[in-house]
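Chain by chain, the residues:
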Amino acid sequence: MDKADTFSVVEKQQRFDHYIVPEIPLLLRVARSLTDQPADAEDLAQETLLRAYRGITDFDGYFPRAWLLRILHNTHISRIRRRTPLLMFASAERDDDLRDLDPHGSPENVVVDDAFDDAVEQALGALRQPNRKVVDLVDIEGLSYAEAALALDVPIGTVVSRLHRARKQIREHLADHGVRPRGHER
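Residues numbered from 1 in each chain as written. Predicted model: local features only at pLDDT ≥ 70, side-chain atom pairs only at ≥ 80, totals over all residues. Heavy atoms only, no water.

Caption draft 1: The packing of helix α9 (residues 145-152) against helix α10 (residues 156-176), seen in detail. At their nearest, the axes of α9 and α10 sit 8 Å apart, and the two run at 105 degrees to each other. The orientation of α9 with respect to α10, classified from their angle, is roughly perpendicular. Taken together, the residues of α10 that come into contact with α9 (itself represented by Tyr 145, Ala 146, Ala 148 and Ala 149) are Ile 156, Val 159, Val 160, Leu 163 and Arg 167. Class assignment of the residues belonging to the contact of α9 with α10 gives a composition of 8 nonpolar, no polar and 1 charged. (Axes fitted to C-alpha atoms, helices over the stretch in contact; angles between N-to-C directions. Helix = DSSP H or I, 4+ residues; strand = E, 2+ residues; numbered from the N terminus. Parallel < 35°, antiparallel > 145°, perpendicular 65-115°, else oblique. Contact = heavy atoms within 4.5 Å. Nonpolar A, V, L, I, M, F, W, Y, C, P; charged D, E, K, R; others polar.)

Caption draft 2: Main features of the packing of aromatic side chains. Tallied over the full model, the rule gives 3 aromatic pairs. Arranged with centres 5.4 Å apart and planes meeting at 75 degrees, the rings of Phe 16 and Tyr 53 form a pair that is edge-to-face. Of this pair, Phe 16 sits in helix α1 (residues 9-19) while Tyr 53 sits in helix α3 (residues 38-55), placing them 37 residues apart in sequence. By way of ring pairs, the aromatic residues Tyr 19, Phe 59 and Trp 67 are connected into one cluster. (Phe/Tyr/Trp six-rings, centres within 6.5 Å; stacked < 30°, edge-to-face > 60°.)

Caption draft 3: Representation of the packing of α3 against helix α4 (residues 64-82). Where α3 meets α4, the axes come as close as 9 Å, and the angle between the chain directions of the two elements is 120 degrees. The angle between α3 and α4 places the two elements in the oblique class. Of the two elements, α3 crosses α4, and the hand of that crossing is right-handed. Residues Asp 40, Asp 43, Leu 44, Glu 47, Thr 48, Arg 51, Ala 52 and Gly 55 of α3 lie in contact with α4, whose contacting residues are Trp 67, Leu 68, Ile 71, Leu 72, Asn 74, Thr 75, His 76, Ser 78, Arg 79 and Arg 82. In terms of residue class, the contact of α3 with α4 is made up of 6 nonpolar, 6 polar and 6 charged. (Left-handed = near helix turned anticlockwise from the far one by under 90°.)

Caption draft 4: Local environment of the pattern of salt bridges. A full pass over the atoms with the stated rule returns 8 salt bridges. In this structure, the salt-bridge partner of Glu 141 is Arg 29, at a minimum N-O distance of 2.5 Å. Highlighted residues: Glu 141 in the loop between α8 (129-140) and α9 and Arg 29 in helix α2 (residues 24-35), separated in sequence by 112 residues. Accessibility expressed as a relative area gives 36% for Arg 29, which makes it partly exposed. Notably, a salt bridge pairs Glu 147 with Arg 65, separated by 3.3 Å at the nearest N-O pair. Taken together, the residues span a long stretch of sequence, with Glu 147 in helix α9 and Arg 65 in helix α4 at a distance of 82 residues. Assessed through its relative accessible area of 31%, Arg 65 is described here as partly exposed. (Salt bridge = Lys/Arg side-chain N within 4 Å of Asp/Glu carboxyl O. Buried < 20%, exposed > 50% of the residue type's maximum accessible area, 1.4 Å probe, protein only.)

Caption draft 5: Region of interest: α1. For α1, every residue scored as buried is listed here: Arg 15, Phe 16 and Tyr 19. Along the axis of α1, the buried positions cluster into a sector of 100 degrees, meaning they face one direction only. Turned more than 90 degrees away from the buried face of α1 sit Val 9, Val 10 and His 18, all of them exposed. For α1, the secondary structure elements touched by its buried residues are α3 and α4. (Arc of directions from axis to C-beta.)

Caption draft 6: Spatial organisation of unusual backbone geometry. One non-glycine residue, Phe 63, lies in positive phi territory at about 55 degrees. As for its placement among the helices and strands, Phe 63 is situated in the loop between α3 and α4. Positive phi, close to 60 degrees, is recorded for Asp 153, a residue that is not glycine.

Caption draft 7: Quick peek at α3. Over its 18 residues, α3 extends 26 Å from the first C-alpha to the last, a length consistent with the 26 Å expected when each residue adds 1.5 Å. Where α3 is concerned, the buried positions are Asp 40, Ala 41, Leu 44, Ala 45, Glu 47, Thr 48, Leu 49, Ala 52 and Gly 55. In this structure, the buried residues of α3 make contact with α1, α2 and α4. (Expected span 1.5 Å × (residues − 1).)

Nothing here speaks to function; it is all geometry.
Structure representation (structure tokens):
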């Protein structure tokens, strides 16, 4: 008898609800940053959740976020290998989605003005894709370096160096355009 046979359907569902359900918002955000397309992100997240549900009986209960992100990454790689990549959609669609997040009342809205926002968006758009993904995961989604490394399947040192280069490029872009956060004017 294997381990899956020792769990009842109710126990399996309880484990899934306890370990996986709280991580779904993060899973969706990371899937979105990996795919750049809302529909693809939802499909990727759904397939990841299905795989997690099937494998929940083998999960040891430690580090559910890391376990789920590993499944997400492996699922993403499998999906890429299974299909021919679609033509890249305009990045304006993703920018519109980011603007839909209502920042009114957020600390960021208090600290920066529209010119700064536009300059940061331009700086992010100028980043190479690997560096942009690290910024998305660490600075925007709030993942730790280790979680981002796991999601991207790269060593943690690669995350650190990509993030360092990306932040430096963003600072240089902002300085070149004479844009600073409020409180940094001279």
